[in-house]
Amino acid sequence: MLSRTNFAVEAVRKAWAPLHRELVDRELGRIPVARLQDVAGGRLRTEELEKVGVRTVHDVLDAGAWSLGQFPGVGRRTAEKAVAAAQRTADDVGEVMAVGMDADRPEPRTTALLVALRVLVEAGPRARNVAEAGRELAARLELLLTDAAPASGWKQMLDAGREQRRRALAAVAELRLLLDEAERESITQQFAQASVDLLRGPDSDPAGLSAWVDFETRSTEYYSLLSEVAGHSLS
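Now for a description of the structure that goes with this document. (Residues numbered from 1 in each chain as written. Predicted model: local features only at pLDDT ≥ 70, side-chain atom pairs only at ≥ 80, totals over all residues. Heavy atoms only, no water.)

1. Points about the side chain of Thr 110
Part 1 of the argument: Mapped onto the elements, Thr 110 comes out in helix H6 (residues 108–148).
Part 2 of the argument: Given the relative accessible area of 8%, Thr 110 is considered buried.
Part 3 of the argument: Here Glu 107 takes part through its backbone oxygen, which lies 3.0 Å from a polar atom of the side chain of Thr 110.
Part 4 of the argument: If sequence neighbours within four positions are ignored, Thr 110 has contacts with Leu 19, Gly 100 and Trp 212. (Helix = DSSP H or I, 4+ residues; strand = E, 2+ residues; numbered from the N terminus. Buried < 20%, exposed > 50% of the residue type's maximum accessible area, 1.4 Å probe, protein only. Polar contact = N/O pair within 3.5 Å; in protein donor to acceptor, adjacent residues only side chain to side chain. Contact = heavy atoms within 4.5 Å.)

2. Some details on the pattern of salt bridges
Pairing between side chains of opposite charge can happen when their charged atoms approach one another.
Part 1 of the argument: Here the structure, examined in full by the defined rule, presents 14 salt bridges.
Part 2 of the argument: Close ionic contact of Arg 109 with Glu 22 constitutes a salt bridge, the shortest N to O distance being 2.8 Å. Of this pair, Arg 109 sits in helix H6 while Glu 22 sits in helix H1 (residues 2–28), and the two are 87 residues apart along the sequence.
Part 3 of the argument: Residue classification places Glu 22 among the partly exposed positions, given a relative accessible area of 33%.
Part 4 of the argument: The network of salt bridges with common partners includes Glu 22, Arg 26, Glu 107 and Arg 109. (Salt bridge = Lys/Arg side-chain N within 4 Å of Asp/Glu carboxyl O.)

3. Things to note about the environment of Glu 122
Part 1 of the argument: Here Glu 122 shows up in helix H6.
Part 2 of the argument: C-alpha separation for the pair Glu 122 and Asp 214, spaced 92 residues apart in sequence, amounts to 9.9 Å.
Part 3 of the argument: Ignoring sequence-local partners within four residues, the contact set of Glu 122 consists of Asp 214 and Arg 218.

4. What about the packing of aromatic side chains?
Aromatic ring pairs are defined here through the distance separating the ring centres and the angle between the ring planes.
Part 1 of the argument: As enumerated under the stated definition, the model contains 3 aromatic pairs in all.
Part 2 of the argument: Centre to centre, the rings of Trp 212 and Phe 215 are 5.8 Å apart; their planes meet at 85°, and the pair counts as edge-to-face. Of this pair, Trp 212 and Phe 215 both sit in helix H10 (residues 209–217), 3 residues apart, which is roughly one turn of the helix. Take Trp 212 and Phe 215: they sit in the same class, and that class is buried.
Part 3 of the argument: Relative to Tyr 222, the ring of Phe 215 has its centre 5.6 Å away and its plane inclined at 85°; by these criteria the two rings are edge-to-face.
Part 4 of the argument: When its relative accessible area of 4% is taken as the criterion, Phe 215 is described as buried.
Part 5 of the argument: Linked through ring pairs, Trp 212, Phe 215, Tyr 222 and Tyr 223 together constitute an aromatic cluster. (Phe/Tyr/Trp six-rings, centres within 6.5 Å; stacked < 30°, edge-to-face > 60°.)

5. Quick notes on the side chain of His 20
Part 1 of the argument: For His 20, the position within the fold is in helix H1.
Part 2 of the argument: With relative accessibility at 9%, the residue His 20 sits in the buried group.
Part 3 of the argument: One polar contact links the side chain of His 20 to the main-chain carbonyl oxygen of Met 97, over a distance of 3.4 Å.

Here is the structure:
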């Protein structure tokens, strides 16, 4: 169940990343290299970079510190400062740059993102809540099973110290209570249903037509989920 959730989330991130990267690169290509002076607190001379044809923040990152340092008049320290400032700028731009999905102008990459998102949208918050409950349950079980290990056999109990035996018996009792609680709350059935929901892939909709239709009826859910998965605010 957890692996299926992670797979669905990673599918969204894989489809989102190149679109986001393209938007960030395009914006960095519009930012003049002189802006890096402010980012570096005025401790960076960008005139020498401009003289050798480095015009934008994107140019700085594209060249890298080693290549920039080879240009006459630039030097290693200036190149390293420029790249560090450019990377901070790229991080800031990346935080606010939003990937949009326009139903009037669909293209293969945004369709792929939409189809990946639809798996999670259809599964809904319930699947994500079940996955989170599974993580919490697994963490609690792991701790209890470690303490309960000596109780796996009479020899292990004999070899264990008094405190280990006490913890083992207490852990076994707590494990029984925890598993009884999970059974009462039908956790296994919830995992099974959420797994089925997450396994519903895009094979029946290779062109993403139904995904675009669904997106138009509840775009807010798609954007909210993308914001959650990608970790970026969206407009």
